[in-house]
Amino acid sequence: MSNRLSDDALDRIFREARTHNAWLEESVSDEVLRELYELVKWGPTSANLSPARLVFLRTKAAKERLRPALMEGNVEKTMAAPVTAIVAHDERFFDHASRLFPHYPAIREMFASSPKVAEETALRNGTLQGAYLIVAARSLGLDCGPMSGFDNAKVDAEFFGASDRKGWRSNFLVNLGYGDPAKLYPRGPRLPFDEVCRLL
Ligand SMILES: Cc1cc2nc3c(=O)[nH]c(=O)nc-3n(C[C@H](O)[C@H](O)[C@H](O)COP(=O)(O)O)c2cc1C
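Computed from a predicted model, the values in this text were never measured in an experiment.

### What about the pairing of strand S4 (residues 168-177)?
Phase 1: Counting buried positions over the ten residues of S4 gives nine, a clear majority of the element.
Phase 2: Of the strand pairs in this sheet, strand S2 (residues 83-90) and S4 are connected by eight bridges, and their pairing is antiparallel. Each bridged residue has a counterpart across the sheet, and for Ala85 the counterpart in S4 is Val174.
Phase 3: In this structure, strand S3 (residues 143-147) lies alongside S4, joined through five bridges in antiparallel fashion. Paired with Pro146 across the two strands is Val174, which belongs to S4.

Structure (C-alpha cells):
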C-alpha cells in the first residue's frame, strides 16, 4: 500500500486529533479560511450538488450575534475561539444543477418535485461536507470544536434573513483555531471493530 498517507498524517487527522474547548492566542487568517474551503469543496456529494453553505464568524461583533443562540456550556469556548463556522445548507441547492451536474441537469426535478427528498439530501450532504470541513481543517493544522448545542431557529433568524442567504438552514457549528492541548479532558473510548462492523 505505497500510496497510503503516512502514520504521522493519520495521527494528526484522526488518531491524535481532539475536540478542543480552549484556544491559544493565535488568529486564523481569512486566507486560511479560503484555503480550507478550497479543500472542502472537493469532497463528494449527491449529484455533485454541494448543498453546504458556510458562514465564518471571526469578529467579536459577529460572535455576539451568535451568543443568544448558544447553550450555556458552549458560550465561553465559542466566544474565545478565533473563528466559529456555521455549517448550513441551502434548501434550494438543486437550483445549481445545470452548473454543478451539467451532463444531467434534469436531476433538478427530482428534488424540486419532492420537498422531503430535497430536505433529506440537503441534510445528508451538508453534514458530510461539515465532516470534510473537520478533516480539511485538521489537515491544515487547525483544531476543531464541533457543536450542536444551540438553537437552530435563532441562528437561522439572525444570520439567514438576507436575500442572498434566504433558504439557508443551520446544521451545526465548528469552532476553529489552534487548541490548547493542556486544557484537554481525557479522551473517551471508541467502539471496537467487532462490535460495530459486519463483514459479509
Ligand atoms: C455534531 C457534533 C455536535 C457536538 N456538540 C457539542 C456541544 O454542543 N458541546 C460540546 O461541548 N461538545 C460537542 N461535541 C463534541 C463531542 O462531544 C466530541 O467531539 C466527542 O466527545 C469526541 O471528542 P474527541 O474528539 O476529543 O475524542 C459535538 C461533536 C459533534 C461532532
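There is more to say after this.
### Focus on the site of the ligand
Phase 1: The environment of the ligand is made up of Arg18, Thr19, Asn74, Lys77, Pro146, Met147, Ser148, Gly149, Arg187 and Arg190.
Phase 2: The backbone of Gly149 places a nitrogen or oxygen atom 2.9 Å from an oxygen atom of the ligand.
Phase 3: Contact between the ligand and Arg190: an oxygen atom at 2.8 Å from a side-chain N or O atom of the residue.
Phase 4: Against a free-state accessible area of 640 Å², the protein chains account for coverage of 60% of the ligand.
Phase 5: Secondary-structure elements contributing two or more residues to the shell around the ligand are helix H4 (72-80) and S3.
Phase 6: By residue class, the composition of the shell around the ligand is two nonpolar, four polar and four charged.

### Section: the side chain of Asn175
Phase 1: Within the secondary structure, Asn175 is located in strand S4.
Phase 2: A distance of 3.4 Å separates the side chain of Asn175 from the side chain of Thr78, its partner in a polar contact.
Phase 3: Contacts of Asn175, omitting those with residues within four sequence positions, involve Trp23, Lys77, Thr78, Ala81, Val83, Thr84, Asp143, Cys144, Gly145 and Met147.

Calculation criteria
Residues numbered from 1 in each chain as written. Predicted model: local features only at pLDDT ≥ 70, side-chain atom pairs only at ≥ 80, totals over all residues. Heavy atoms only, no water. Buried < 20%, exposed > 50% of the residue type's maximum accessible area, 1.4 Å probe, protein only. Helix = DSSP H or I, 4+ residues; strand = E, 2+ residues; numbered from the N terminus. Pairing = 2+ DSSP bridges. Near = heavy atom within 4 Å. Polar contact = N/O pair within 3.5 Å; in protein donor to acceptor, adjacent residues only side chain to side chain. Areas by Shrake-Rupley, 256 points an atom, 1.4 Å probe, with all protein chains shown as cover. Nonpolar A, V, L, I, M, F, W, Y, C, P; charged D, E, K, R; others polar. Contact = heavy atoms within 4.5 Å.

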